[in-house]
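Architecture at a glance
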Amino acid sequence: MNDRYSFEKRRDLIMAAVAQQPVTMTLKSNCDLFMSYSDGVLTHDTGCECGDVKCIDHAVVIVGYNTTHNPPYWKVRNSWGIEWGELGHVRIAMDDSGSGWGLF
């Protein structure tokens, strides 16, 4: 990995930023798991893995997080309207998925 921070350090920096204001992020959304999301915490990204910047196709906004829930998660607002997900939001586990970069 060519990053100067560990996964945990990057997570902590994002948490500090989100505590101040929403933070934009990009991910791969063109996959069944993400497109059909309805509720709950996504704890894996099978079929949505993105190991190359070329697969990133969507921007969303991290609007919050919950570190007391099991598993801890990011609350992310999508632009697809309130009919999608949890009133337009998705909860994504903070797990690093073994990739060092997190889910999606």
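Quick look at the structure, then. (Residues numbered from 1 in each chain as written. Predicted model: local features only at pLDDT ≥ 70, side-chain atom pairs only at ≥ 80, totals over all residues. Heavy atoms only, no water.)

Focus: the sheet that holds strand E3 (residues 58-66)
Spatially, E1-E3-E4-E5-E2 is the arrangement adopted by the 5 strands of the open sheet, whose pairing is mixed. Pairing within the sheet leaves two strands with one partner each, and these edge strands are strand E1 (23-27) and strand E2 (41-42). Pairing analysis gives 2 bridges linking E2 to strand E5 (residues 89-93), with the strands arranged parallel. Within E5, the residue paired with Leu 42 across the bridge is Ile 92. This element, helix H1 (residues 7-20), spans E1, E3 and strand E4 (73-77) of the sheet and lies at about 85° to E3. (Pairing = 2+ DSSP bridges. Helix = DSSP H or I, 4+ residues; strand = E, 2+ residues; numbered from the N terminus. Contact = heavy atoms within 4.5 Å. Axes fitted to C-alpha atoms, helices over the stretch in contact; angles between N-to-C directions.)

Quick look at the state of the cysteines
In the structure shown here, the tally under the stated rule is 1 disulfide. Here Cys 31 engages in a disulfide with Cys 48; their sulfurs sit 1.8 Å apart. Here Cys 31 and Cys 48 share a disulfide; its torsion about the S-S bond, 100°, makes the bridge right-handed. With Cys 31 in the loop between E1 and helix H2 (32-35) and Cys 48 in the loop between E2 and E3, this pair connects stretches of sequence that are 17 residues apart. Its relative accessible area of 6% is what places Cys 31 among the buried residues. (Disulfide = S-S within 2.5 Å. Buried < 20%, exposed > 50% of the residue type's maximum accessible area, 1.4 Å probe, protein only.)

Considerations on the pairing of E5
Here E5 lies mainly inside the structure; 5 of its 5 residues are buried. Here E5 shows two buried faces, one formed by His 89, Arg 91 and Ala 93 and the other by Val 90 and Ile 92. Relative to E5, E4 runs antiparallel, the two being bridged by 5 bridges. Bridge assignment links Arg 77 to a residue of E5, and that residue is His 89.

Some points on unusual backbone geometry
Along the chain, Asn 70 connects to Pro 71 via a cis peptide bond; the corresponding omega equals 5°. Note on placement: Pro 71 falls in the loop between E3 and E4.

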